[in-house]
Amino acid sequence: MNSLNSEAFTLFGQHILWSDMIGNLFGLAALALGWRRSIWTWPVQFLAGLILFGAFFGHLTGSAGKQAVVMLVALYGWWQWQRGKGQTKDGHIAVRFATWRERGAMIAAAAAGTVAVALLFKAYPTLSWDPWPDAYIFVGTIVAMYAQARGMVEFWFAWLLVDLVGVPLNFANGYAFSGFVYVIYGALVLWGMRDWWLRSREDARPVLEGAPA
């Protein structure tokens, strides 16, 4: 990973690392594949996590830990979508809105997880330079990926909330390319949210007896 951690180029006074650039481009591709409900979103997310793990390991241990968890959740998402593919006429997974109980559970898990991880980061300062926002992004990413694995439209809302903090934090930590990619994430999230929202209504529509498939 030494060559990947070297500088690729300088943009607006920010030093762009190869690992930061390549990892985030894979992450961007994974989000686009998620929008299309392609099961390949999960291997690509795993690969993005692996590359970014190498980028952060050694100096941003908390961020590296986040990528390790991302890889585990990507494996879970692959398993879930393998089980659920073929639920719709186009052969992909069906998407839906979460129930109020599921939303409450995810919000509670996100809040409790953020506090717990932030306290861990504060107890061990070498894990993160910015404990609270880093913990928020860490836990928010996991919640978003879990919702994606379950085919919930709320996945997009969670990503949008992560973006709101992820953009300034990445720029502040010197990961300019990550910051630029998070801006593009925001645009993809809005389009993906609309697509999944409409598809959730189609997937929930009952099929009339005798109607053509």
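Scroll up to find the structure.
Residues numbered from 1 in each chain as written. Predicted model: local features only at pLDDT ≥ 70, side-chain atom pairs only at ≥ 80, totals over all residues. Heavy atoms only, no water.

Caption draft 1: Structural context of the packing of helix α5 (residues 131-149) against helix α6 (residues 154-172). Running from amino to carboxyl end, α5 crosses α6 at an angle of 155°, the nearest separation of the two axes being 8 Å. Taken as axis vectors, α5 and α6 run roughly antiparallel relative to one another. Seen along the crossing, α5 lies across α6 with a hand that is left-handed. Of the residues in α6, those in contact with P133, D134, Y136, I137, G140, T141, A144, A147 and Q148 of α5 are E154, F155, A158, W159, L161, V162, V165, G166 and L169. (Axes fitted to C-alpha atoms, helices over the stretch in contact; angles between N-to-C directions. Helix = DSSP H or I, 4+ residues; strand = E, 2+ residues; numbered from the N terminus. Parallel < 35°, antiparallel > 145°, perpendicular 65-115°, else oblique. Left-handed = near helix turned anticlockwise from the far one by under 90°. Contact = heavy atoms within 4.5 Å.)

Caption draft 2: Just the packing of aromatic side chains, in detail. This model, assessed by the stated rule, comprises 12 aromatic pairs. Centre to centre, the rings of F97 and W197 are 5.1 Å apart; their planes meet at 85°, and the pair counts as edge-to-face. In this pair, F97 sits in the loop between α3 (61-84) and α4 (100-123) while W197 sits in helix α7 (residues 176-204), placing the two residues 100 residues apart along the sequence. Note on F97: relative accessible area 28%, which makes it partly exposed. Taking the relative accessible area as the measure of exposure, W197 reaches 39% and is therefore partly exposed. Pairwise contacts between aromatic rings join W42, W81, F155, W156 and W196 into one cluster. Across from the ring centre of W100, 4.4 Å away, lies the NZ or CZ of R103, which sits over that ring. (Phe/Tyr/Trp six-rings, centres within 6.5 Å; stacked < 30°, edge-to-face > 60°. Buried < 20%, exposed > 50% of the residue type's maximum accessible area, 1.4 Å probe, protein only. Lys NZ or Arg CZ within 6 Å of the ring centre and 35° of its normal.)

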